[in-house]
Amino acid sequence: MCKRTVANPVRSYVNILLISPNTLTTPYPVYPIGLDYVAASVAKNHRVRIVDMNCMDLDELAVFMGEFQPQIIGISCRNIDNTDEGDSRFFIRSYRRLVAWIRERSGAVIVCGGAGFTIMPEKIFAALEVDYGIIGEGERFGLLVEAIVAGDEPTDIPGVIAAGGYNEPPRPWQGEQVRAFDPKYPHHHFYIKKGGMLNLQSKRGCSFSCIYCPYPHIEGHRHRRVAPHEVAEMALCLQQAGARYLFMTDSAFNSDVQHSLAVARAFKKAKLTIPWGGFFAPIRMDSDYFAIMADSGLQHVEFGTEAMSAAMLKTYRKPFSVQDVFEAHRQARTAGVHTAHYLLLGGPGESEITLQETLDALEHLEKAVLFFFIGIRIYPWTTLYDMALAEGKIDGETDLLEPVFYQADAIDHTAIEAMVTKRAAGRRNWVVGSGGAAGAETLARLHERGFTGPLWEYLVR
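Scope of this entry: the structure provided in the associated data block.

The rules behind each value
- Residues numbered from 1 in each chain as written.
- Predicted model: local features only at pLDDT ≥ 70, side-chain atom pairs only at ≥ 80, totals over all residues.
- Heavy atoms only, no water.
- Helix = DSSP H or I, 4+ residues; strand = E, 2+ residues; numbered from the N terminus.
- Rg over C-alpha atoms; globule rule 2.2 N^0.38 Å.
- Buried < 20%, exposed > 50% of the residue type's maximum accessible area, 1.4 Å probe, protein only.
- Contact = heavy atoms within 4.5 Å.
- Pairing = 2+ DSSP bridges.
- Axes fitted to C-alpha atoms, helices over the stretch in contact; angles between N-to-C directions.
- Phe/Tyr/Trp six-rings, centres within 6.5 Å; stacked < 30°, edge-to-face > 60°.
- Lys NZ or Arg CZ within 6 Å of the ring centre and 35° of its normal.
- Salt bridge = Lys/Arg side-chain N within 4 Å of Asp/Glu carboxyl O.
- Polar contact = N/O pair within 3.5 Å; in protein donor to acceptor, adjacent residues only side chain to side chain.
- Expected span 1.5 Å × (residues − 1).
- Parallel < 35°, antiparallel > 145°, perpendicular 65-115°, else oblique.
- Left-handed = near helix turned anticlockwise from the far one by under 90°.
- Nonpolar A, V, L, I, M, F, W, Y, C, P; charged D, E, K, R; others polar.
- Lys, Arg positive; Asp, Glu negative; His and termini not counted.

Secondary structure summary: the protein contains 17 helices and 17 strands in total. Relative to the compact-globule value of 23 Å for 461 residues, the protein shows a C-alpha radius of gyration of 22 Å, a close match. With 461 residues in all, the protein has 56% of them scored as buried. Here the contacts in the protein between residues at least 6 apart in sequence split such that 75% fall between residues at least 24 apart.

Now the structure itself:
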C-alpha cells in the first residue's frame, strides 16, 4: 500500500486545514461543532485553521490555501444527504467536486471523516477519492496526523482506512472529549450574525434502540458524559463569544435524565443568561423536570415523537407511549417552554389506520408545531435495514449511498402526504418536511431583524 507522507525536513510543525463543506441552510445554518473537537485532537506544535464553506467561496479558499500552504487537509462529511424525501438533497457529489478542486491546487494529504462518513465509509471513501478516511469520532485525527508526520502506517490506527485496505469500525472513543472553540476562527461570526445560534454537546452515545437510527453505530449505545460544570463553562465561553442562543446537539438531551438535570443546574449556577434548546424524548419524567429546565434557560423543546399510534411506537421501538407524549408535552407547556414534535411517517406497518390514529392524537397537542417527515431513510447498521432486507425491499446489492426510503406495504408516501395535507388544512404549524426554501428565507429575514433561535414558535397561532 502506498503512503502519502508530508515533506517537512526543517519545521517541527505541519499546517493543517480543516474544512466544513456543509452549506445547507434549511431551516437554518448549523455551526460545524465537530471540527472544534477535531482541532483539539491535534498536538499544539502544529498549526490548525478552520474554513467553513458557508463563509468562504472557492476563490477565497484558493487565496487562503496559497497563503497558508496546508500539508494535511481534513474534510468533514457530517451528512450524506438531508434525509427528507420530499426535498431530497444529496451532498456527496459536491464533496467530490471539492476534493477534485483541491487536488488541482494542492499536494496536501486529504482526509475525510464525520458522522455521515462513518455510516458508509468504504462507499464515501471511494466516491471522494481521498487519501485516508476516519471511521468513528474525530479525535483519531490527531493520531493520524502524527502517524503521517512520522512516516508510520496510518491504517494501524483503529478506524483509519486507505485505498486497498479495510479497517473494522472502532470502539467509541474512550479518551477525553475536548473542544477547541476559539473566537479567533472567523467562521463563528457567520452564525452569530445569522440568528446568534451556536451549539453545545453534553454527552455522546444513545441508549435508545430506535429501528431507523444510526446514532448508536456512530457514537455507541453507552453514554459518555461531559462533566456538567465543563458543559456550563463551554456555554459561558460561547456566550462571551457573542452567542445569543445555544442548541444542545445530543441525540436526545434527556436520554440520561439525571445528567441533563445536572447540566441544567450547572447552567443556573454559572449564571448563563442566554436561552437554549435541544432534542428531547417524550419519556416519563418527574413532574418538575421541565420547570427545572426552564429555570436554567430552556426555551425550545424539539420532541422526537415520530408517531402517535401505539402500534407504530412499538414498531419503532420507542421508549415511551402515546400517553407519555401527552404528559411530556403538557409539562413542557406548563413550564412555559415552546414545544415542537417531529413525526416520521411511513415506517414498517404504517397504514391508513395507524396514520389516522397519529393525526387524530396530534389534534390534542395544544400550541405545538408539528414537523412531518414522510418516508424513513434506510441506513446500514440499523434494524430498519435488516427489516427491509428480510422483506425484499432492498437486497445486498442495493446502493444506499444515494437516499433510499422505506416503503410501507399498506400505504404509499403520496397517500400519506395527501392525508397529512388534508388534515393540516392550511395550518401553519403543521409543516411537511423542514419548511423548504420558503421557510428558510422567512427565518433568515427574521434573523436579519435581530430575532434569535429556531423561531418555529411563531408558526403557532
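And the narrative resumes.
Spatially, β7-β10-β11-β12-β13-β14-β17 is the arrangement adopted by the 7 strands of the open sheet, whose pairing is parallel. At either margin of the open sheet sits one strand with a lone partner, and together these are β7 (197–200) and β17 (430–432). Within this sheet the neighbouring strands show an average axis-to-axis angle of 20°, counted without direction. Bridge count for strand β10 (residues 245–248) against strand β11 (residues 276–280) is 3 bridges, and the pairing is parallel. Considered in β11, the bridge of L246 is made with W276.

This paragraph deals with the packing of aromatic side chains. Tallied over the full model, the rule gives 18 aromatic pairs. Taking the centre distance of 5.4 Å and the plane angle of 75° together, the rings of F267 and W276 count as edge-to-face. Above the plane of the ring of Y37 lies R204, whose end atom (NZ or CZ) is 4.9 Å from the centre.

For the rest of this paragraph, the subject is the sheet that holds strand β4 (residues 109–113). Judged by pairing direction, the sheet is mixed, and its 6 strands sit side by side in the order β2-β1-β3-β4-β5-β6 without closing on themselves. Strands with a single pairing partner mark the edges of an open sheet, and in this sheet they are β2 (47–52) and β6 (160–162). Going across the sheet, the axis of each strand differs from the next one's by a mean of 25°, ignoring polarity. Relative to strand β1 (residues 15–20), helix α1 (residues 33–40) is tilted by about 165°, and along the sheet it contacts β1, β2 and β3 (72–76). Packing against the sheet, helix α5 (residues 121–128) makes contact with β4, β5 (132–134) and β6, and its axis sits at approximately 45° to β6.

For the rest of this paragraph, the subject is the pattern of salt bridges. In this structure the tally under the stated criterion is 23 salt bridges. For R93, the salt bridge goes to E402, with nearest N and O atoms at 2.5 Å. Residue R93 is located in helix α3 (residues 92–103), and its partner E402 is located in the loop between α15 (383–390) and β16 (405–406); the two are separated by 309 residues in the primary sequence. Each of the salt bridges in this network shares a partner with another, and the network as a whole consists of E137, E139, R204 and R224.

On to the environment of L246, then. Within the secondary structure, L246 is located in strand β10. Residue classification places L246 among the buried positions, given a relative accessible area of 1%. Taking the C-alpha atoms as reference points, L246 and T452, 206 residues apart in sequence, are found 10.0 Å from one another. The contact partners of L246, leaving out residues within four places of it in the chain, are L198, L200, A235, L238, L272, I274, P275, W276 and G277.

Following the sequence through the fold, T305 ends up in strand β12 (residues 298–306). For T305, the side chain forms a polar contact with the side chain of H341, separated by 2.7 Å.

Relative to the helices and strands, N22 is located in the loop between β1 and α1. Its relative accessible area of 11% is what places N22 among the buried residues. Spatially, the C-alpha atom of N22 lies 30 Å from that of F267, the residues being 245 residues apart in sequence. Only 3.2 Å separates the side chain of N22 from the backbone nitrogen of L24, close enough to count as a polar contact.

Moving on, we come to α3. The end-to-end C-alpha distance of α3 is 17 Å, a good match for the 16 Å that 12 residues give at a rise of 1.5 Å each. Burial in α3 covers these residues: I92, Y95, L98, V99, W101 and I102. Against the buried residues of α3 lie β1, α2 (58–68), β3, β4 and α5.

For the pair α2 and α3, interaxial distance at closest approach is 12 Å and the crossing angle is 40°. By the angle class used here, α2 and α3 are oblique. Note that α2 runs across α3; the crossing there is right-handed. Taking contact as the criterion, the partners of L58, L61, A62 and M65 in α2 are, on α3, L98, W101 and I102. Considered class by class, the residues forming the contact of α2 with α3 number 7 nonpolar, no polar and no charged.

Residue position: E302 is located in strand β12. R78 provides the closest opposite charge to the buried, unpaired E302, separated from it by 11 Å. A polar atom in the side chain of E302 sits 2.9 Å from the side chain of Y342. Within the local environment of E302, its side chain forms a polar contact with the side chain of W456, the two groups lying 2.8 Å apart. Discounting residues that sit within four places of it in the chain, E302 has contacts with Y28, F247, G278, F279, F280, A340, Y342, P454 and W456.

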